[in-house]
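Structure assessment
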Amino acid sequence: MQASRVPPFHRVHVDFSLSSFDDVYTPTSEPIQWKYHTPAEEISLGPACWLWDYLRRSKQRGFLLPLSGGVDSSAVACIVYSMCRLVCQAVNSGNEDVLNDVREIVGDASYLPRMPQELCRHLLTTCYMATENSSHETRERARMLSEQIGSYHLTPNIDAAVKAVIGIFTMVTGKVPQFRVHGGSGPENLALQNVQARIRMVVAYLFAQLSLWTRGLAGGLLVLSSANVDESLRGYLTKYDCSSADINPIGGISKTDLRGFIQYCIDSFQLTALTSILSAPPTAELEPLTDGQVSQTDEDDMGMTYQELSVYGKLRKVVKTGPYSMFCKLLLLWREISPRQVAERVKHFFRMYSINRHKMTTLTPSYHAESYSPDDNRFDLRPFLYNAAWTWQFRCIDEQVSCLEDCKKGALCEEVD
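To keep things clear, this report deals only with the structure shown in the data block.

Each value, and the rule that gives it
Residues numbered from 1 in each chain as written. Predicted model: local features only at pLDDT ≥ 70, side-chain atom pairs only at ≥ 80, totals over all residues. Heavy atoms only, no water. Helix = DSSP H or I, 4+ residues; strand = E, 2+ residues; numbered from the N terminus. Expected span 1.5 Å × (residues − 1). Buried < 20%, exposed > 50% of the residue type's maximum accessible area, 1.4 Å probe, protein only. Contact = heavy atoms within 4.5 Å. Polar contact = N/O pair within 3.5 Å; in protein donor to acceptor, adjacent residues only side chain to side chain. Arc of directions from axis to C-beta. Core = buried A, V, L, I, M, F, W, Y, C linked by side-chain atoms within 4.5 Å. Patch = residues over 30% accessible without salt bridge, like charges linked within 9 Å, V, L, I, M, F, W, Y side chains within 5 Å. Areas by Shrake-Rupley, 256 points an atom, 1.4 Å probe, with all protein chains shown as cover. Salt bridge = Lys/Arg side-chain N within 4 Å of Asp/Glu carboxyl O.

Examining helix α2 (residues 39-58)
Its 20 residues place the ends of α2 28 Å apart at the C-alpha level, agreeing with the 28 Å of an ideal helix rising 1.5 Å per residue. For α2, the complete set of buried residues consists of A40, E41, I43, S44, G46, P47, A48, L51, W52 and L55. Buried residues along α2 sit in contact with β1 (63-66), α3 (71-92), α4 (96-106), α5 (116-123), β4 (222-223) and α10 (255-269). Phi turns positive one or two residues past the end of α2, at K59, with a value near 65 degrees.

See below:
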């Protein structure tokens, strides 16, 4: 009735039509079927396109990647390989713009990429920087992956550089630092690990600038970082080591998703070398080997598993929880362990998160596609450091743990009575 009382709109007659008079038989379009990519597919596409765009805009000749034989650096290598696959597909489909970009990058006006491995040979140099603490297994994993993706592979040994730097320290102080397994203290052990890590960064940049020159080619390479979002948030990296580079394609991706991406590359790209990389325990290989075998693992060093670290990261960065609210959420999520154990794990994470906040301000520019990111908003002038003691928050957690334990004791007493 309301509609019948509304005055009609004034009609304006115009001398044109949007369709013909006999379009009654014109077929209507079918509903669009949306394609939703899995996280692994997104990693293979998004960062790969980002790398290509950055490479062609920067006018560099390719990338140099410190390839350790672990999941993170192998994932970066696979992203570059995926980029080469996408470029070859675009060229084969007749995309002249992409072909012109390829020819400009490689410096050959007649070059025609046909296979991803062939293009990867031009665009990616991988570098396994060995020390006396490196295992034969990781060296072989890096070599096999390099062969399968087609990268130009280098295997320099950096022991001489490490010993030279330590020698300078010894000459000045008269002291010889030792690893913990050789009787050294914690600070000695950490310093000796960090020397190796930082020298790898220096060597990576040296080879990025001069390795093409040694092959009679012009130009330089962009150094790629392989620090994932979880390790960055925890601060499990050496400041100014190989986490410091020109760009980082996995800076916003969790370790859990990277492992899924590695499995995707095994299945979709037939990169069988990744199978052993996926099954091996993550290790920095910065401490001496035990009977030729790796005794150091990342999870032991961090004091938490990567699975736990991914949970902490998402609660901190996506849900925006602090210590107490994270503790409350994990009480429900981790019911298989006691409240006191949950409290200790939460407090350990926030201590490490706090004392390593300074590392966030020097992270390599990364590919970020979601809110789960270690980005410190460096344009923000507020203090970036937190009080690592978290006095008020940790006290609230302890009080809640005591309350829960008292309630549990009371319930047990009632059952006994």
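Description of the side chain of K239
If you trace the backbone, K239 turns up in the loop between α9 (229-234) and α10. We classify K239 as buried; its relative accessible area is 19%. A distance of 3.1 Å separates polar atoms of two side chains, one belonging to K239 and the other to H358.

So, α5
Within the span of α5, buried status applies to P116, L119, C120 and L123. Seen along its axis, α5 keeps its buried residues to an arc of 105 degrees; they face one direction. Each element contacted by the buried residues of α5 is listed here: α2, β1, α3, α4, β2 (124-127) and α6 (136-149).

What about the nonpolar core?
By size, the foremost hydrophobic cluster in this structure holds 53 residues, and its most contacted members are W52, F63, M83, L123, L145 and L274. Sorting the residues of this core by element identifies α2, β1, α3, α4, α5, α6, α10 and α11 (274-279) as the ones contributing at least two each. Looking at this core, the element that brings in the most residues is α3, giving 14 residues. Residue contacts for F63: discarding those within four places in its chain leaves L51, L55, V80, M83, L123, L124, T125, L221, L222, L224 and I247. Of all hydrophobic cores here, the second largest spans 24 residues; its members include A343, F350, Y353 and W390.

Considerations on a nonpolar patch on the surface
Side chains of V12, V14 and F16 sit close together on the surface and give an oily, nonpolar patch of about 340 Å² of accessible area. Considering the arrangement of structural elements, one finds V14 in the loop between α1 (2-5) and α2.

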